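# Analysis of the macromolecular model
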Amino acid sequence: DAYHKANLDRFTSPESRVVSYVHFMPLDFASDIAVSEQDLRDAYDDRAAELATPERRTILQLPLDDEATAIKVSARISDGEAFTDVAEGLAGGNDITLGTVSRNELPVEFGETAFSLAVGETSGPVESPFGWHLIHVTTIEPGSIPSFEQLRDGLKKTIAEESAIDVMYSTANQLEDALGGGANIEEAASSLGLSVARVDGLDRNGR
């Protein structure tokens, strides 16, 4: 009727298509990749330092007005006065704690000195852009490097996943070559041991 003809788009189903596709990602190939003992050992040698827990130290620092003052205060401590007693008397209630830190968390000027001291030892005068300081170490938490056995499983998984990326790209290239050679998607996927998925009735909006 006239209404139907005037509103034909309301009564017409949108065009749809049947879509076949192949989907894969690196994890699909990782379980098939053999990781040798030598690969694991090499990876451990390369990465253990990155996974190490750094040494940490609890550090106090006493800021002083100038080098001459720093030398005098350093001499008092060398003569037997306790760092904390001297620092509390001179700091005027200001916090002298730098906290428990690793070397790379300290200003460059402090790092080398602070990490060369023994527990309970006080440095000589140290200059920084902010003036002169005495540095004192109260505790040391040793760093540690995880053992090969602790990292073995994680390294194996990582190596397999990294290698799987190369396998995935190689497979994608082989799939393209097969399609370019005239195979349909089912034939090309089957030749590479891949699965084909299918979507029926897909419209242009992806529904």
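Residues numbered from 1 in each chain as written. Predicted model: local features only at pLDDT ≥ 70, side-chain atom pairs only at ≥ 80, totals over all residues. Heavy atoms only, no water.

### Topic: the overall build of the protein chain
The secondary structure content of the protein chain amounts to 8 helices and 6 strands. Shown N-terminal to C-terminal, the secondary structure of the protein chain runs as helices and strands in the order α-β-α-α-β-α-α-β-α-β-β-α-α-β. The C-alpha atoms of the protein chain give 34 Å as radius of gyration, which overshoots the globular expectation for 207 residues (17 Å, by more than 25%). Its C-alpha atoms give the protein chain principal-axis dimensions of about 105 × 60 × 25 Å. Relative to its full complement of 207 residues, the protein chain shows a buried share of 29%. (Helix = DSSP H or I, 4+ residues; strand = E, 2+ residues; numbered from the N terminus. Rg over C-alpha atoms; globule rule 2.2 N^0.38 Å. Buried < 20%, exposed > 50% of the residue type's maximum accessible area, 1.4 Å probe, protein only.)

### A word on a negative patch on the surface
Negative charge collects at one region of the surface, where Asp39, Asp42, Asp45, Asp46 and Glu50 lie side by side. Along the polypeptide, Asp45 turns up in helix H3 (residues 37-47). (Patch = residues over 30% accessible without salt bridge, like charges linked within 9 Å, V, L, I, M, F, W, Y side chains within 5 Å. Areas by Shrake-Rupley, 256 points an atom, 1.4 Å probe, with all protein chains shown as cover. Salt bridge = Lys/Arg side-chain N within 4 Å of Asp/Glu carboxyl O. Lys, Arg positive; Asp, Glu negative; His and termini not counted. Charge placed at Lys NZ, Arg CZ, Asp CG, Glu CD.)

### Let's talk about the packing of aromatic side chains
Scanning the model with the defined rule gives 2 aromatic pairs in all. Relative to Phe29, the ring of Phe24 lies with its centre 5.8 Å away and its plane at 85 degrees, an arrangement referred to as edge-to-face. For the pair formed by Phe24 and Phe29, the shared burial category is buried. Centre to centre, the rings of Tyr44 and Phe148 are 5.7 Å apart; their planes meet at 90 degrees, and the pair counts as edge-to-face. Residue Tyr44 is found in helix H3, and its partner Phe148 is found in helix H7 (residues 148-180); the two are separated by 104 residues along the sequence. Exposure class is identical for Tyr44 and Phe148. Each is buried. (Phe/Tyr/Trp six-rings, centres within 6.5 Å; stacked < 30°, edge-to-face > 60°.)

### Here's the deal with the side chain of Thr122
Along the chain, the position of Thr122 falls in the loop between helix H6 (108-114) and strand S4 (126-128). For Thr122, the side chain forms a polar contact with the side chain of His136, separated by 2.7 Å. If we ignore the near neighbours within four places in the chain, the residues touching Thr122 are Ile77, Phe83, Leu117, Leu134, Ile135 and His136. (Polar contact = N/O pair within 3.5 Å; in protein donor to acceptor, adjacent residues only side chain to side chain. Contact = heavy atoms within 4.5 Å.)

### Examining the packing of helix H4 (residues 67-78) against helix H5 (residues 83-90)
Packing of H4 against H5 leaves a shortest axis separation of 9 Å and a crossing angle of 145 degrees. Here H4 and H5 pass one another in a crossing that is right-handed. Between H4 and H5, the residues in contact are Val73, Arg76 and Ile77 and Phe83, Val86 and Leu90, respectively. (Axes fitted to C-alpha atoms, helices over the stretch in contact; angles between N-to-C directions. Left-handed = near helix turned anticlockwise from the far one by under 90°.)

### Some points on H7
In a regular helix each residue adds 1.5 Å, so 33 residues correspond to 48 Å; H7 covers 46 Å between its end C-alpha atoms and thus fits that length. Buried within H7 are the following residues: Phe148, Leu151, Leu155, Ile159, Ala160, Ala164, Met168, Thr171 and Leu175. On its buried face, H7 is in contact with helix H2 (27-30), H3 and helix H8 (185-191). Among the residues trailing H7, Gly182 stands out with phi positive, at a value near 110 degrees. (Expected span 1.5 Å × (residues − 1).)

### A closer look at H4
Helical geometry: 3.6 residues make up each α-helical turn, so side chains three or four residues apart lie on a common side. For H4, with 12 residues, the first-to-last C-alpha span of 16 Å sits near the 16 Å given by 1.5 Å per residue. Burial in H4 covers these residues: Ala70, Val73, Ser74 and Ile77. For H4, the arc enclosing every buried residue in end-on projection is 105 degrees, short of the 170-degree limit, so these residues lie on one face. Looking one or two residues beyond H4, the residue adopting positive phi is Gly80, at roughly 125 degrees. (Arc of directions from axis to C-beta.)

### Describing the environment of Glu162
Within the secondary structure layout, Glu162 lies in helix H7. Each C-alpha atom of the pair Glu162 and Glu187 lies 28 Å from the other, and the pair is 25 residues apart in sequence.

### A word on the nonpolar core
Val22, Phe24, Phe29, Leu40, Tyr44, Leu155 and Leu194 are the most contacted members of the largest nonpolar core, which has 21 residues in total. At 8 residues, the largest contribution of residues to this core is made by H7. If we ignore the near neighbours within four places in the chain, the residues touching Val22 are Leu175, Ile185, Ala189, Leu194, Ser195 and Val196. (Core = buried A, V, L, I, M, F, W, Y, C linked by side-chain atoms within 4.5 Å.)

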